[in-house]
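Chain by chain, the residues run as shown.
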Amino acid sequence: MVCKLRVTDNTNLDEMTMKKLLPTSTAGSLPKPSWLAEPETLWSPWKLQGEELIDGKRDALRVSLQEQQRAGVDIVSDGEQTRQHFVTTFIEHLSGVDFENRQTVKIRDRYEASVPTVVGPVSRTKPVFVEDAKFLRQQTQQPIKWALPGPMTMIDTLYDAHYGSREKLAWEFAKILNQEAKELEAAGVDIIQFDEPAFNVFFDDVNEWGIACLERAIEGLKCETAVHICYGYGIKANTDWKKTLGSEWRQYEEVFPKLQKSNIDIISLECHNSRVPIELLELIRGKKVMVGAIDVASNDIETPEEVANTLREALKYVDADKLYPCTNCGMAPLSREVSTAKLDALSAGAEIVRRELSA
């Protein structure tokens, strides 16, 4: 792996690179401090308002960054401290979406939720996360990753009363995401990740237009790009769904062949404690892979050796210079104590395998 490093004045210096085998990262969210939001509660309302909320979010970002650095995480993020929800926080900054006019829809084809309504043409009138990304860039010279919702997951988290076509709306969101992604890149972000849990559900749409929409979202970017596809947070709706999937979870098999041919640089997926046959990684041979080696649906702390075993299995199908040890998904619903212990295990397990590869 070669990650471009950017200094705090946002100047990209090609000569400043970090070459490290098995660079660790997180898939998404990390727990928020109790003074910002209710602990161990997914999508909890903010406890602060106005200027206090702005300051509180930035303080939380600093804390999250420090916890990642202390644990030895190589590619750091904001821990999603500045957003309440991984999809709707982005959408609420767009025009054409009415958050007062809510409808009940089935999300990911498995659980009902009250969602905002698309009532007119969607557009991005101003940057959404760019200032937050600039702030994170100022705090560290490590490579940074920023997550955005993917077009298909965005349309699956809304009620459309305007376009009358999931595909048409997805293409509009892809254009908007591309605008945001280009400004995030200019702000110094090294990897832009698009969260697409919907890719694990709507296979025909993914192959017909979903991946093409994702490629539209990354059009013109020079930084690395990733797509994160997992089986969701450790909430009851997701764990109940997993129980229906049988002894082998082969959903990735439906989308990996076309993703392997796509322009996306990195594919982030769930491995540890899942029933995903590890040999499915062969379908994306040649791509960089963020291998989920930490179970986010359990409070049990992985041992470094357990993490190492997951990575060893993945290395049978992923070249060592293309493997990024990661978490299965975000860890916002976990306690900070459990989350930091899991990050420690991730770094320690990656170091075990690093030494083996260098021996």
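Above this note sits the structure.
These notes cover the structure that comes with them. A quick note: this is a predicted structure, and the numbers were derived from the prediction, not measured.

Side note on the overall build of the protein chain
Within the protein chain, the regular secondary structure consists of 10 helices and 11 strands. Taken over the C-alpha trace, the protein chain has a radius of gyration of 19 Å; the compact-globule value for 359 residues is 21 Å, and the two agree within 12%. Considered along the principal axes of its C-alpha atoms, the protein chain spans approximately 60 × 45 × 40 Å. Taken across its 359 residues, the protein chain has 58% of its residues classed as buried. Here the contacts in the protein chain between residues at least 6 apart in sequence split such that 74% fall between residues at least 24 apart.

Comments concerning empty space enclosed by the protein
Think of a ball as big as a water molecule: rolled over the atoms, this probe shows where empty space is left. Counted according to the given criterion, the structure contains three cavities of 30 Å³ or more. In this structure, the largest cavity spans a volume of roughly 60 Å³. Looking at the lining of the largest cavity, its residues break down into five nonpolar, three polar and three charged.

Considering the pattern of salt bridges
Under the counting rule described, the total for this entry stands at 27 salt bridges. Across the pair R354 and D74 runs a salt bridge, and its minimum N-O distance is 3.7 Å. Residue R354 is found in helix α10 (residues 336–358), and its partner D74 is found in the loop between α1 (50–71) and α2 (88–91); the two are separated by 280 residues along the sequence. Assessed through its relative accessible area of 10%, R354 is described here as buried. Given a relative accessible area of 7%, D74 falls into the buried group. In this structure, D156 engages R166 in a salt bridge whose closest nitrogen and oxygen atoms are separated by 3.7 Å. Note that D156 is positioned in the loop between α4 (151–155) and β6 (159–160) and R166 in helix α5 (residues 166–186), a separation of 10 residues in sequence. Judged by relative accessible area, which is 4%, D156 ranks as buried.

Here we look at the pairing of strand β4 (residues 111–124)
Of the strand pairs in this sheet, strand β3 (residues 94–107) and β4 are connected by 10 bridges, and their pairing is antiparallel. Directly across from I107, in β4, lies its bridge partner Y111. The hairpin turn running from β3 into β4, its antiparallel successor, is three residues long, and R108 in that turn takes a positive phi close to 55°. Here two bridges tie β4 to β6, and the two strands are oriented parallel to one another. Residue pairing in the sheet places T117 in a bridge with Y159 of β6.

What counts, and at which threshold
Along every chain, residues carry numbers that run from 1 in the direction the sequence is written. With the structure being a predicted model, the display of local features is reserved for residues of pLDDT at least 70 and the display and counting of side-chain atom pairs for 80 or more, all residues being used for whole-chain, interface and lining totals. Note that water and hydrogens are dropped before the side-chain values are worked out from all heavy atoms of the structure. Helix numbers and strand numbers start at the N terminus; a helix is a DSSP run of H or I with at least 4 residues, a strand a run of E with at least 2. Restricting the calculation to C-alpha atoms gives the radius of gyration, and the globule rule supplies 2.2 Å times the number of residues raised to the power 0.38. Throughout this description, buried means an accessible area under 20% of the type-specific maximum (1.4 Å probe, protein chains only), exposed means over 50%, and partly exposed covers the range between. Throughout, a residue-residue contact means that at least one pair of heavy atoms, one from each residue, lies within 4.5 Å. Lining residues are defined by having an atom within 4 Å of a point belonging to a cavity or pocket. Those points lie on a 1 Å grid over the protein atoms alone, cavities being sets where a 1.4 Å probe fits but cannot get out and pockets being open sets with protein on both sides within 12 Å along at least five of seven lines. Grid points are joined across faces, edges and corners, and a volume is the space filled by probe spheres set on the points. Think of it as three bins: nonpolar holds Ala, Val, Leu, Ile, Met, Phe, Trp, Tyr, Cys and Pro, charged holds Asp, Glu, Lys and Arg, and polar takes everything else, Gly as well. Salt bridge, as used here, is a side-chain nitrogen of Lys or Arg placed within 4 Å of a carboxyl oxygen of Asp or Glu. Two strands pair if DSSP finds at least two bridges between them.

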